[in-house]
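Architecture and fold: a report
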Amino acid sequence: MDLGIANSGIIFDIKKFAIHDGPGIRTTIFFKGCPLTCWWCHNPESQNFEPEKFINPKIEDTDSENFEIIGKNISVSDVFKEIEKETIFYDESKGGVTFSGGEPLSQPEFLLSLLKLCKNNEIHTVLDTSGYATEDILKQIQDYVDLFLFDLKFIDSAKHEKYTGIPNQQILKNLTQLSNNGSKIIIRIPIIPGINDDDVELNKMCDFISALNNIQGIDLLPFHKIGKNKYIKLNLPYKMENFNEPSDELMKKIKLKFDTTNITVKIGG
Ligand code: SF4
């Protein structure tokens, strides 16, 4: 089914002068809502598709002062006005706009409307995605995206389902489809000790990536616990308490493994 044009969508943040979300200086638009529930998610406030309360646990009383609302409906034109304000920095740094989240592909018409505006105005576009969408949606989006930052968490689908809430067959199919269709892709792999850092899983990832085309790079993203406070503010359980952040040595060792793909590998985003 053809995607229509949206008037508005829901986001939870706009970050200006971002330097880790693609090339150059960028404006990053954070879409609210994600169909995954990764245990290690650093932005749990991105998962719910509706605006929600972010409680300040330091304020004990229960009046309206102890929370803020995360997420708001915003028009396509208002988002684009924010994007356009920084055009001079995109031009100077070869930057642009990054759509992140949450999962931008879960608001496909809002995303496509913004992508089209950017394309018409020659603004470079990056899509930071879990890759979870129908093939049909991806096909309609892909030509408007200059670079994909595509998360790869597991090859093993049962593990993917255990730790993210959904199986990954569709995600791997989408990654292969993008690669075959000539889209530029950087693969981003969160490294989480005790969850996806075993040799069997990492070897499977290397083999899978080696068989793809158009992969511009691999970013290995060390798991960290900086999102923990957000779980408290959202009154959600934090499942990562007993997991360790990876050491520098472990990250270097894993990098050596991915170096065998002959694709440029970076530690960090
Ligand atoms: S895909 Fe990204 S935004 Fe969605 S739950 Fe996982 S880490 Fe969070």
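Up top is the structure these notes are about.
Notes on the structure in this doc start here.

The rules we used
- Residues numbered from 1 in each chain as written.
- Predicted model: local features only at pLDDT ≥ 70, side-chain atom pairs only at ≥ 80, totals over all residues.
- Heavy atoms only, no water.
- Phe/Tyr/Trp six-rings, centres within 6.5 Å; stacked < 30°, edge-to-face > 60°.
- Helix = DSSP H or I, 4+ residues; strand = E, 2+ residues; numbered from the N terminus.
- Buried < 20%, exposed > 50% of the residue type's maximum accessible area, 1.4 Å probe, protein only.
- Near = heavy atom within 4 Å.
- Nonpolar A, V, L, I, M, F, W, Y, C, P; charged D, E, K, R; others polar.
- Pairing = 2+ DSSP bridges.
- Axes fitted to C-alpha atoms, helices over the stretch in contact; angles between N-to-C directions.
- Expected span 1.5 Å × (residues − 1).
- Contact = heavy atoms within 4.5 Å.
- Salt bridge = Lys/Arg side-chain N within 4 Å of Asp/Glu carboxyl O.

Our next topic: the packing of aromatic side chains. All chains considered together, the criterion is met by nine aromatic pairs. On the basis of an interplanar angle of 45° and a centroid distance of 5.5 Å, the ring pair of F12 and F30 is categorised as tilted. Pair noted here: F12 is in strand 1 (residues 8–18) and F30 is in strand 2 (residues 26–31), with a separation of 18 residues, a long-range link. You'll find F12 and F30 in the same group, each marked buried. Geometrically, the ring pair formed by W39 and F243 is edge-to-face, given 6.4 Å between the ring centres and 75° between the ring planes. In this pair, W39 sits in the loop between strand 2 and strand 3 (52–55) while F243 sits in the loop between helix 8 (228–233) and helix 9 (248–259), placing the two residues 204 residues apart along the sequence. Taking relative accessible area as the criterion, F243 reaches 17% and is therefore assigned buried. Members of the aromatic cluster, each reached through a chain of ring pairs, are W39, W40, F154, Y163 and F243.

It is worth spelling out the site of the ligand at this point. Lining the immediate environment of the ligand, one finds C34, L36, C38, C41, S46, Q47, G102, S130 and K153. Looking at the shell around the ligand residue by residue, the classes come out as four nonpolar, four polar and one charged.

This next bit is on the sheet that holds strand 5 (residues 72–75). In any sheet, the strands associate via hydrogen bonds between backbone groups, in a parallel or an antiparallel arrangement. Across the sheet, nine strands lie side by side as 5-1-2-6-7-8-9-10-11; this open sheet has mixed pairing. Edge strands, defined here as strands with exactly one partner in the open sheet, are strand 5 and strand 11 (265–267). Pairs of neighbouring strands in the sheet enclose a mean axial angle of 30°, with direction left out of account. When strand 8 (residues 147–151) meets strand 9 (residues 185–191), the two strands line up parallel, connected through four bridges. From the neighbouring strand, F148 faces strand 9, where its bridge partner is I185.

For helix 6 (residues 169–180), spanning 12 residues, the distance from its first C-alpha to its last is 17 Å, which sits close to the expected 16 Å at 1.5 Å a residue. Among all positions in helix 6, only I171, L172, N174, L175, Q177, L178 and S179 are buried. The inward-facing, buried residues of helix 6 abut helix 4 (135–142), strand 8, helix 5 (157–164), strand 9 and helix 7 (199–210). In the stretch just after helix 6, G182 is the one whose phi turns positive, near 90°.

With that settled, the discussion passes to the environment of L115. Secondary-structure assignment places L115 in helix 3 (residues 108–120). Distance from L115 to D143, taken between C-alpha atoms, is 9.5 Å for residues 28 residues apart in sequence.

When the charged atoms of two side chains lie near each other, side chains of opposite charge can form a pair. In this structure the tally under the stated criterion is 16 salt bridges. We note a salt bridge from E135 to K173, for which the minimum N-O separation is 3.1 Å. Here the residue E135 occupies a position in helix 4, and K173 occupies one in helix 6, the gap between them amounting to 38 residues. Residue classification places K173 among the partly exposed residues on the basis of a relative accessible area of 46%. The partner of D219 in a salt bridge is R188, with the nearest N and O atoms 3.5 Å apart. You can see D219 sitting in strand 10 (residues 215–222) and its partner R188 sitting in strand 9, a full 31 residues away along the chain. Look at D219 and you get buried, because its relative accessible area is 5%.

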